[in-house]
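# Observations on the model geometry
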Amino acid sequence: MGKKAVRAKKCDGKARYENERDAWRGITRLRNATGKTEFIIPYRCGFCPFFHVGHPPAKVRREIAEMVMT
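Here goes a summary of the coordinates provided. (Residues numbered from 1 in each chain as written. Predicted model: local features only at pLDDT ≥ 70, side-chain atom pairs only at ≥ 80, totals over all residues. Heavy atoms only, no water.)

### Quick notes on the side chain of H52
We count it as follows: The helix count covers DSSP runs of H or I at least four residues long, the strand count covers runs of E at least two residues long, and both are numbered beginning at the N terminus. Buried residues are those whose accessible area, probed at 1.4 Å on protein chains only, stays under 20% of the maximum for their type, while exposed residues exceed 50% and partly exposed ones sit between those limits. The term polar contact refers here to a pair of N or O atoms within 3.5 Å; inside protein, the definition further demands a hydrogen-donor-capable atom paired with an acceptor-capable atom, and it admits residues adjacent in sequence only when both atoms are side-chain atoms.
Within the secondary structure, H52 sits in strand β2 (residues 51-54). For H52, a relative accessible area of 0% translates into the label buried. Here A15 takes part through its backbone oxygen, which lies 2.9 Å from a polar atom of the side chain of H52.

Here it is as structure tokens:
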């Protein structure tokens, strides 16, 4: 799979944000529109110069849960 195909698979269809602050605002708008409070975070894309939002990996969720519990 070529670089363009990988980028298309990773980035197409996702909202693109110029910076992390805009991504957090996008998360707030998404939560207000859907009423869902799922754990979503912004992340810098490794394939394009933008930020996207999504669920953190399971390992990160476990680490955060451990920090909250202590």
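Having seen it, we continue.
### Some remarks on the pairing of β2
Filter applied, for reference: At least two DSSP bridges between two strands are needed for those strands to be called paired.
Sheet analysis places strand β1 (residues 41-44) next to β2, joined by 4 bridges and oriented antiparallel. Looking at β2, one finds that Y43 is bridged to H52. Hairpin connection between β1 and β2: a loop of 6 residues separates the two successive antiparallel strands.

### Looking at the pattern of salt bridges
How we decide: Whenever a carboxyl oxygen of Asp or Glu lies within 4 Å of a side-chain nitrogen of Lys or Arg, that contact is scored as a salt bridge.
Summed over all chains, the structure comprises 2 salt bridges. Between D12 and R16 there is a salt bridge whose closest N-O contact spans 3.9 Å. The exposure class of D12 is exposed, given its relative accessible area of 52%. On the basis of relative accessible area, R16 is assigned to the partly exposed category, the value being 44%. A salt bridge links D22 to R25; its shortest N-O distance comes to 3.4 Å.

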